[in-house]
Amino acid sequence: MHGWQQDKKSFAPLTPFLFKRYHLYLLDLPGFGGSEFPPENFNSFDYAEAVAEWIKNKNLKDIILVGHSFGGKVAAIVAKQNRKLVEKLILIAGSGIVENEKHASLKKILPDFVKNLLRPHLVGRDYKEAGKLLPIFRTIIKEDISGVFRKIKTPTLIIWGKDDKELPVEIGVKMNKMIGGSRLDIIAGGHFPFWDNPQETTELIKNFINENN
């Protein structure tokens, strides 16, 4: 599952290395690619429910669920809430841990109109390019699902680009500590390490899938 402002084509660099050996399903999350726009009150848990229903309708079993960035957040929720559906979980620079500390003291002293002026600069490109999905983005950007990560029982691989500027590697380290028994691999690349380093990413995925099989 792709990240925010992406679609199923996001994973094109990986498919040449995987399609001969695995049956791949590349999804357009609601509001992206060829999918329909969701209601304005949609949140990350609604996205996860939509994905879980899709999986059940396809009658898929023992799947390896892969999610990047926002797709990783959704994948984590799916895995936590549908343990029998997901055999293994792979999170690539997954979101879902909100780092509020750096702006907390500033927010306390600024008037509301200044906060509104600054907000687009604090949240960056995804905010500016959200378009019709802006109400949903405003919701999901504030959702911290640390509690979900702590309850995941599915074997989990976390992959992170060491030069990620959007979600620093420190978030991956925290996620690794929250998900019991998970493994964190930090590789060369930025927020899209599977674009920068597709072969190494593929090898990590293959090795993880084959563990204990």
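Structural notes, computed from the coordinates. The shown structure was predicted, so the numbers you read here are calculated from the model rather than taken from an experiment. (Residues numbered from 1 in each chain as written. Predicted model: local features only at pLDDT ≥ 70, side-chain atom pairs only at ≥ 80, totals over all residues. Heavy atoms only, no water.)

**Focus: the environment of Leu24**
No. 1: Among the secondary structure elements, Leu24 is positioned in the loop between helix H1 (15–18) and helix H2 (44–57).
No. 2: Overall, Leu24 belongs to the partly exposed group, its relative accessible area being 31%.
No. 3: For Leu24, the contacting residues outside a window of four places in its chain are Thr15, Leu18 and Phe19. (Helix = DSSP H or I, 4+ residues; strand = E, 2+ residues; numbered from the N terminus. Buried < 20%, exposed > 50% of the residue type's maximum accessible area, 1.4 Å probe, protein only. Contact = heavy atoms within 4.5 Å.)

**Some words on the packing of aromatic side chains**
No. 1: A full pass over the atoms with the stated rule returns 10 aromatic pairs.
No. 2: Measuring from centroid to centroid gives 5.4 Å for Trp4 and Phe137, while their planes differ by 40 degrees, and the two rings are tilted. In this pair, Trp4 is assigned in the segment before H1 and Phe137 in helix H7 (residues 134–140), connecting sequence segments 133 residues apart. Of the two residues examined, Trp4 and Phe137, each falls in the buried class.
No. 3: Ring pairs connect the aromatic residues Trp4, Phe32, Phe42, Tyr47, Phe70 and Phe137, which therefore count as one cluster.
No. 4: Positioned over the ring face of Phe208 is Lys88, at 5.1 Å from the centre of the ring. (Phe/Tyr/Trp six-rings, centres within 6.5 Å; stacked < 30°, edge-to-face > 60°. Lys NZ or Arg CZ within 6 Å of the ring centre and 35° of its normal.)

**Description of a nonpolar patch on the surface**
No. 1: A cluster of nonpolar side chains, contributed by Phe19, Leu24 and Leu26, occupies part of the molecular surface with about 260 Å² of accessible area.
No. 2: Note on placement: Leu26 falls in the loop between H1 and H2.
No. 3: Taking relative accessible area as the criterion, Leu26 reaches 39% and is therefore assigned partly exposed. (Patch = residues over 30% accessible without salt bridge, like charges linked within 9 Å, V, L, I, M, F, W, Y side chains within 5 Å. Areas by Shrake-Rupley, 256 points an atom, 1.4 Å probe, with all protein chains shown as cover. Salt bridge = Lys/Arg side-chain N within 4 Å of Asp/Glu carboxyl O.)

**Regarding the layout of surface pockets**
No. 1: Roughly 640 Å³ of volume is contained in the second largest pocket.
No. 2: In terms of lining, the second largest pocket is formed by 24 residues, of which the most central are His23, Leu24, Tyr25, Ile64 and Val66.
No. 3: Taken together, the elements giving at least two residues each to the lining of the second largest pocket come down to H1, H2, strand E1 (63–68) and helix H11 (198–210).
No. 4: Top element by residues in the lining of the second largest pocket is E1. It accounts for 4 residues. (1 Å grid on protein atoms, 1.4 Å probe; cavity = no way out; pocket = protein on both sides within 12 Å on 5 of 7 lines; lining within 4 Å. Points joined across faces, edges and corners; volume = space filled by probe spheres on them.)

**Some thoughts on the sheet that holds strand E2 (residues 86–92)**
No. 1: The sheet built from 4 strands is open, its strands ordered E1-E2-E3-E4 with parallel pairing. The open sheet is flanked by E1 and strand E4 (183–187), the only strands paired with a single partner. Mean inter-strand twist for the sheet, computed between neighbouring axes without regard to direction, equals 15 degrees.
No. 2: Pairing of strand E3 (residues 156–161) with E4 involves 5 bridges; the strand directions are parallel. Bridging from a neighbouring strand, Gly161 pairs with Ile187 of E4. (Pairing = 2+ DSSP bridges. Axes fitted to C-alpha atoms, helices over the stretch in contact; angles between N-to-C directions.)

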